Structures are given as C-alpha cells and as structure tokens.
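Below are the chains, spelled out letter by letter.
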Number of protein chains: 2
Amino acid sequence: MDKSCINVGILGWGTVGTGVSKILMNQNSLIAKNSGTELCLKKIVKRTLPATRQGVELPMDCLTTDPAEVVDNPEIDIVVELIGGVTTAHSLIKRAIQNGKHVVTANKALLAEHGGELFQLASEHKVSLNFEASTAGGIPIIKTLQESFAGNQIHSLYGIVNGTCNYILTEMHERAVDFSDVLKVAQDKGYAEADPTLDVEGIDAAQKLILLIALAYRSNISLSQFHVEGITSITQKEIQYARELGYVIKLLAIAKLTDGNRVEARVHPTLVPERSLLANVGGAFNAVCVIGDAVGPTLFYGQGAGEMPTASAVVADVIDAAKSVQQGVSSPISQAWLAGAQAEVGVCPIDDIETRYYIRFVVADRPGVLAKIGTILGNWQISIASVIQKDPHGMETVSLVMLTHKAQEKNMKAALAEIYTLEDVKDEAQLIRIEEEVDF
Amino acid sequence: MDKSCINVGILGWGTVGTGVSKILMNQNSLIAKNSGTELCLKKIVKRTLPATRQGVELPMDCLTTDPAEVVDNPEIDIVVELIGGVTTAHSLIKRAIQNGKHVVTANKALLAEHGGELFQLASEHKVSLNFEASTAGGIPIIKTLQESFAGNQIHSLYGIVNGTCNYILTEMHERAVDFSDVLKVAQDKGYAEADPTLDVEGIDAAQKLILLIALAYRSNISLSQFHVEGITSITQKEIQYARELGYVIKLLAIAKLTDGNRVEARVHPTLVPERSLLANVGGAFNAVCVIGDAVGPTLFYGQGAGEMPTASAVVADVIDAAKSVQQGVSSPISQAWLAGAQAEVGVCPIDDIETRYYIRFVVADRPGVLAKIGTILGNWQISIASVIQKDPHGMETVSLVMLTHKAQEKNMKAALAEIYTLEDVKDEAQLIRIEEEVDF
C-alpha cells in the first residue's frame, strides 16, 4: 500500500495527547522531511469535549467523545492510546488491533499486565504495537534494546525511571530537607500526584522494569515475582551518611543476568558512587544504564515524563507505524515480547542475590554492641567494609552505620533477625543495597 | 521475499571486522531470538589470508582475498564494508549497491566525502546503506536522530565523539600531565595512532559532525565549510585555570540551529561546567547531547570505538538490513541525507557565532596592561565576566585569564588583533569557547 497520507486517531487528550496533537499539527512538514511520511491527525477522542482547543489548531470535526470514531473508523490507520488506566484502554486497543490498525501506547501499567496477550493479538493481525513512551519518556530506550543492542547479551541494566522519586531524592540530597516536606513541594509543583503511592512506593518503576526485562531478556515477568521497595523510609540521616561515605541514594530499577541464566529483577533505593554519571542525574530526569557484552557500558539520559518529551516518543512510534503502513509490513517491535512467552529465563529470588549493603542500626550507647553485631554478621559470612559511629556520646541511642562487602541477601535477612533479638538494638535497621557496577 | 537465512559478506577483517564475525558466529541464536532473523556469515575478504582464525570459528571457505566473492556474489544479501579508507571502499560499495545488495559501513571519512552520491545510488537501487558504527561507535546516535527524534526540531547537539582526544584531556585533567606526555602513553596503549593528526587536530570529530548534521538538519556540508580546531595547543595551564573557574575542557563537535535558519557547525576545545554530565564523560568514552524542541535535553553515553562496541553497532545495522531483505523493502535510513541534497539550511560562518570565551593572555607584568586590554575588549562590545591574575609578582611575564560574557566571534578576532599590537602582550592568547547550555 502506498498511501500519500497516513491517518492518525488519538484516544485521550490530556497532557501527553495535547503534546502529540501539537507535534502532529505544527511539525507536519518537518516529519515529512525527516521520515518521508505524511501524517494526518483525523480524530481525537475526549470523554467530555473541552471548552478550548488547548492552543492547538485542530481540523474541523476532529474532536469527538466517541472512541468508535477512532477504533472502528476505516479511515484511521494508526490508533494512539493515551487514556491511561487498564480496563477501557485494554478493550479499545484490542478492538483497534482486531480492526487491523497499528497501535501506539504509552500505557506501561496496561502492558505490564496484559502485554503478552496484546502482542500476541497484534502479531496475529499483522499490525505493530509500539510503546516507546511507556518507559523513560523521551529516552529511546525501548528501540535501543529492541534494535540497536539486538546483537548483545545484556549483562545488566540500571534505570532511574521514576522522575518523581528522583526529584524528591535530589532535593533531599541538595537541600537537606525531609521526605515529607519535599513530597509536599513536589505535589504543589505537579511533579507528584495527589496520591503519590504508585511513584514513591516503586510500583511505577517496577512496571517499567517489567517492560525493560521483556526486551532485554525476552522474559515476561509479573509484579508479584520480584522485590519492589519505595523511597518513603529514606531519611535525611541516610542521605547524609551516604554522602559521607561517597555515595548518592537513587531509586533504581535493576535487572541482571545471573550465572545460572536467571534474571535478577528488583526496584529499591540504592547507593551509587557519587562521581558516577548515574549519581549526577538530578531532578525529575530519567536515565538508564545498559551494559551489554559487546557494547559495554552505556547510559541514556533525558526527560522521563511531561507533555512534550513523552509526545516526542509517541510521535516517533507513530512514524514507525506509518512506515509499516506504507510498506505494508508489520513492525518487528513486538517480537521480543512474543518470544518471551517461551521465556528461557526465570526470575532470581531476592534471597539469592549477592550485593553490598549499607546498614544503619539504632542501638543503645553501651560498650560491646558493635562487637555483638559484628559477631552475628560474621557468623552469617557477612564481612564489614567500614563503620561509622559518631553520634555524640551520652545520648540514649546512637546510629551505627556499616558498609558490608558482598553478601547474600538471605544471609543478611537471617543475620538481621538474629541482631534484632539483641536487647541493645532499638529499631529495625535501615538496609540499603549498594551498586558499584554503575561507577562510570 | 521470505528467506530463512540472510547471507552476509564482510569486506575487511581487522579489529572491527573480527568483532563482527565473532558476534555473527557466537550470538547467532540470540540474534534470531531478538530479531526473528537468521544471519549467515558467508564470506570475509582480507587482503592477505591470515595465519590464524583470530579466535573465531569460521565456516569452511569463508576467508578469501577476492572482494568480488562478496560484492558480486549472488548469494550475498548484505555487504559489510570495514576496510576503511576512501577510494577502494567507495568503488566496492558502489558495486555492491549496483548489484542490489544492502550495505553496512562504519566508514565516516567515506560518507563525509561521498555520502550524498552513495545514498542517492542506494535509493535508486532500493537498498539500504546503514552507518550506525560510523559515529560514536556503540552509541545508537544515528538511529536516535533518524528515527526516535524524527518529530523534533533539533535545537543543538554537542558531541564528545573522539575517544583519543577525550582520553588525553581526561588524563591531563586528572593527572596534571602535559599533552605530549599523555599522547605518548595513549600511543603505547593503542588509544592513539602512530600518526595522531586526524584525531588530535579534530578532523575525525569533524567528519562525524558532518554525519550528525546531515541527520539532524538534512544538510550535506563539507569539511571546508566550518571551523575545526584540535587539542594540540591545550596546555596544563589551561586545564588548571579552567578547573579553578569551575570548568572542564572537552573537545566538542557542536551543531546549533540559529535564528536565521542556518546551522552553526564547529569542532574545538570547549569549557563545559564541571558538574555537568558531559564534563564527567571520562577516558576514551564518547557522549552526545541532543537538545530537541519536544524531547528537551538528552545525553547518550558509551564506547565510541574498539572491537566489540563498534561491532555491536555494525551488527544492529546488519539486522536492520536483514529485516529489509525479509520484508522486501529498502530501509528508510537514507532519506534524511537524500533530502539534504535540497538542504534548506546553510552553514553559519564562525565569524557570526556568539559565545562566551576563556582567554589567557601572556603579558608583561607592568601596571596598566589589564586596563588597556579591557578597554579594547570593551570597544568591541566584549564584556568581561571574571579575571584571574595570580602568577607571582616579579616574573617577566604573567598569565592574565579572562572569562567573557557572550560576544560575537568577529568582534573577538578584531579585538585580539588590536590587543596583539600592544607592546605588553607577549604571545598569541589562548582562546577557548565556553558552552553553558550543556549544564545538565
């Protein structure tokens, strides 16, 4: 099929949808020059018709409240799903695919839950299902993993993929303010939702990790299979001790291929060396480090959210889909995921991982406490690399901060359980994993 | 055409060729899983047959000295050109294209000189000509500009694209050694060629900038059209003063869209803010910052050279070409360049650029010198932001270091010419441009 103009319909006209419509209306000739493809924005579905055009010059009759005018419209070649949520988006995308339309979505929650089924369906109907904007916004990490690194065995990847958490941690680091105070500012500025749970508890990062792992390891894993830990318990004390030890705390989404051909998958606050590029990714920005066996260490940095950066990624997907329409072929982007249905790689349980740890104990300021803790750790094969104890003498309790050498998580858990039985240990310890491999 | 196996021939079995053959032989099933494409390495051309197989298990009769066995071989679908140089590579690539073969090359010098002609030829023969490995090695910057940022007007780009220069400057910065000493070590370690001219004079970076500009601005420019300056005149004094002022010196390849719809193109040592990500790209690594109107600031980091990182990019191109073979379509990668034949954007002469400057004058240690220089700069609308003069009093000459606010290059040249007529000014000044926009 050699159509002179490829017709696009958008489901949802919120922040990102508005950005996509702006690019499609204002940069039409640029896109044609860059890609040889002319895109026509035909329809935008919004639940209630807006009073204004939100600063975009739209064609007549473009806006509608009826999704059928996009997903069932024979004129539409490409459907862009930007309504978010799972249930409605799921059924509309299925209908669009069944109607032979290529689909572009930024919906990580939907793909993390129903990706396998939707990619199977897209494959059966020979259409593409592109999702660059679902992870790390404007950073082309999906295409990079899927295409540019296709000749690599991915050794590991480390992502700062939640801008809200990175903004909060950066502010805590640079302004010495507490989590709850920064969260409030972030909410006022629109960097955090009124209900910030999905972000600050690590769920959003975990959904993105699922997509990255599907591409890097052809493995379709679910949220319940791996360790997810947010940033709500990080205090200013942790930030300060980490800095003193030469580290910065970042919420990382981590995937690693282990010796036994399993994948470590985890989301948690992590100490990264302060001189590393990853430690210097500040504010609401995202970055993903990928280490491949051939390409070696790489890092990709950019805005992970927001109207225009996300729209940039959506439009790139639309252009790819348009080329598929013009050439009459389905995009191969879905193949990795599909192959994941027969995944050879399983998830490595968190208990089996080996890593270095930062531990802060709150202990009674009495002689012998360090020795008791050190003995228990030693009994569990956990070796201490450094210790800080510097709260003023005479307080009832003091912080005892340790960095360990590499240890097994299950040994750490067992050691902590034993340490918690000591009378002198006052609270649960703060346990933060350390990653040295990102030291570039 | 739905071929079960796509046949690949390689011209040149040096460092990168060996890396490509390793990936094609050892990661065959990984590639098939990642991309749905089975690649068969059929032929490798080497000028003289090697005594060993260089650690790669090659199929029987794979090695040959006759390029015709690749470029004229009807069995071969994809030709990978890795012999380097311009003349022979040029004629072999033309022959391969004319024979209907898709071509992958890492040859930046060839493309910078004959890109327009070769992409035109590829378009006529409906084959792809992919060149990801030509710029920034394993970093997928070509695909990113061409595909992922196709909906963006590129505001500017800043690249550390020569690993040799970055290694030398990093060592000068971290170990306080002089240029010539580091160059010798770099040559011993294999980071620099015996004749390092192309690298240290900025020519290699300039060739890569030509390719980046072709993609970002659809403009086919030539080496003679823009300012290219290497790092040979950078002394330890510049490194130290820059550090004191909060900057690091990097060799940057810079492109910017100006107001008048022209492109600034230049390669020169540049002061970048020391806390920026770009300043922290150390050793032989490369990085490219791209700032797009929609996506905002981005950075891509990785190894810009070496056997396996470059091979990673070549193999990605081979996989893309293989998909084109399977789907019977030509790759669209050449379109931007082709459109460049009708480029709307011209090159902005260096005299017209506006930037901040670091200037180090060597002057007689006499009263009034600073005032005389300051007056001349002021007469040319150049305003001084800060001054350092701290060589011990009593020396015959002292260094006078200034940072200016933004000024026009032609004014700076005129002012310097006037300043050089002052009796108290002993040498040509060290003039280094400053970029603040990369402060992320």
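Residues numbered from 1 in each chain as written. Chains lettered and ligands numbered in written order. Predicted model: local features only at pLDDT ≥ 70, side-chain atom pairs only at ≥ 80, totals over all residues.

Helix and strand counts for chain A come out as 15 helices and 18 strands. What you see for chain A is a C-alpha radius of gyration of 24 Å, in line with the 22 Å of a compact globule of 440 residues. Per-residue burial over chain A gives 56% buried out of 440 residues. Within chain A, residue pairs in contact and separated by at least 24 positions form 77% of the contacts whose partners lie at least 6 positions apart. (Helix = DSSP H or I, 4+ residues; strand = E, 2+ residues; numbered from the N terminus. Rg over C-alpha atoms; globule rule 2.2 N^0.38 Å. Buried ≥ 20, exposed ≤ 12 C-beta atoms within 10 Å, placed from the backbone. Contact = placed C-beta atoms within 7 Å.)

Time to look at the domain arrangement of chain A. Residues and elements named next belong to chain A. Partitioning chain A into structural domains gives domain 1 (6-138 + 307-340), domain 2 (141-302) and domain 3 (353-434). Between domain 2 and domain 3, the C-alpha centre-to-centre distance is 25 Å. Listed as interface residues are 12 residues of domain 2 and, on the opposing side, 11 residues of domain 3. The set of elements that each furnish at least two residues to the side of domain 2 that touches domain 3 consists of α11 (236-244) and β10 (262-273). Of the residues in the side of domain 2 that touches domain 3, the class split is 6 nonpolar, 2 polar and 4 charged. (Domains from an automatic or database assignment. Nonpolar A, V, L, I, M, F, W, Y, C, P; charged D, E, K, R; others polar.)

This part is about unusual backbone geometry. Across the chain, the bulk of peptide bonds are trans and the bulk of non-glycine residues have phi less than zero. All names here are of chain B. In this structure, Lys-126 takes a positive phi of about 55 degrees despite not being glycine. Here Lys-126 lies in the loop between α5 (108-124) and β6 (129-130). Here Lys-126 falls in the partly exposed class, since 14 other C-beta atoms lie within 10 Å of it. The phi dihedral of Gln-381 is positive, around 65 degrees, even though this residue is not glycine. When you line up the elements, Gln-381 lands in the loop between α14 (369-379) and β15 (384-388).

On to the interface of chain B and chain A, then. Contacts between the two partners involve 49 residues from chain B and, on the opposite side, 49 residues from chain A. Looking at the side of chain B that touches chain A, the elements that each hand over two or more residues are α2 (28-35), α6 (141-148), β12 (296-303), α12 (307-327) and α13 (335-340) of chain B. The element that contributes the greatest number of residues to the side of chain B that touches chain A is α12(B), accounting for 10 residues. For the side of chain B that touches chain A, the class distribution of residues is 24 nonpolar, 19 polar and 6 charged. With 3 bridges connecting them, strand β12 (residues 296-303) of chain A and β12(B) associate as antiparallel partners. (Pairing = 2+ DSSP bridges.)

On the secondary structure map, Lys410(B) appears in helix α15 (residues 409-419). Each C-alpha atom, one on Lys410(B) and one on His227(B), is 13 Å from the other, the two residues being 183 residues apart in sequence.

This part is about the pairing of strand β11 (residues 285-292) of chain A. Consecutive side chains along a regular strand alternate between the two faces of the sheet. Residues and elements named next belong to chain A. Within β11, 8 of the 8 residues are buried, which leaves it mostly tucked inside the rest of the structure. Residues Phe-285, Ala-287, Cys-289 and Ile-291 of β11 are buried on one face, and the alternating residues Asn-286, Val-288, Val-290 and Gly-292, pointing to the opposite face, are buried as well. Here strand β7 (residues 154-160) runs beside β11; their pairing, made up of 6 bridges, is antiparallel. If you follow Ile-160 over to β11, its bridge partner there is Ala-287.

Take chain B, turn it by 180 degrees, move it 0.0 Å along the axis, and it overlays chain A with an RMSD of 0.0 Å. The two molecules are tied by a two-fold rotation axis, judged by turn and shift. Minimal C-alpha separation from the rotation axis in chain B is found for Phe300(B), amounting to 2.4 Å. Of the residues that chain B buries at the interface, 100% are likewise interface residues in chain A, meaning the two copies contact each other through the same surface. (Least-squares fit on C-alpha atoms with pLDDT ≥ 70 in both.)

Right, let's talk about the sheet that holds strand β6 (residues 129-130) of chain A for a bit. Residue and element names in this part refer to chain A. Overall, parallel pairing links the 6 strands, which are arranged β3-β2-β1-β4-β5-β6 in an open sheet. Single-partner strands in this sheet number two, and they are β3 (63-64) and β6. In this structure, strand β2 (residues 39-45) lies alongside β3, joined through 2 bridges in parallel fashion. Note that in β3 the partner of Ile-44 across the bridge is Leu-63.

Another aspect to go through is the environment of Ala109(B). All names here are of chain B. Tracing the backbone through its elements, the reader meets Ala-109 in helix α5. Between the alpha carbons of Ala-109 and Leu-211 there is a distance of 9.7 Å; along the sequence they are 102 residues apart. The contact partners of Ala-109, leaving out residues within four places of it in the chain, are Val-86 and Gln-207.

Okay, the sheet that holds strand β1 (residues 6-11) of chain B next. All names here are of chain B. Reading across from one edge, β3-β2-β1-β4-β5-β6 is the order of the 6 strands in this open sheet, with parallel pairing throughout. Two strands bound the open sheet, and with one partner strand each, they are β3 (63-64) and β6. Here helix α1 (residues 15-26) sits on the sheet in contact with β1, β2 (39-45) and β4 (78-81), set at roughly 150 degrees to β2. (Axes fitted to C-alpha atoms, helices over the stretch in contact; angles between N-to-C directions.)

A word on the packing of helix α7 (residues 163-175) of chain B against helix α8 (residues 179-189) of chain B. Any two packed helices are characterised by how steeply their axes cross, that is the angle between the axes, and by the distance between the axes. All names here are of chain B. Packing of α7 against α8 brings their axes to within 9 Å, and their N-to-C directions diverge by 125 degrees. Between α7 and α8, the interaxial angle falls into the category oblique. Every pair of crossing elements has a handedness; the one defined by α7 and α8 is right-handed. Here Thr-164, Tyr-167, Ile-168, Glu-171 and Met-172 of α7 come into contact with α8, specifically with Phe-179, Val-182, Leu-183 and Ala-186. Grouping the constituent residues of the contact of α7 with α8 by class yields 7 nonpolar, 1 polar and 1 charged. (Parallel < 35°, antiparallel > 145°, perpendicular 65-115°, else oblique. Left-handed = near helix turned anticlockwise from the far one by under 90°.)

Our next topic: helix α5 (residues 108-124) of chain A. Residues and elements named next belong to chain A. At His-114, α5 shows its strongest bend, of approximately 85 degrees. Buried residues of α5: Lys-108, Leu-110, Leu-111, Ala-112, Gly-115, Leu-118, Phe-119 and Ala-122, and no others. Downstream of α5 by one or two residues, Lys-126 has phi in the positive range, about 55 degrees. (Bend = angle between axes of the 7 residues up to and from the residue.)

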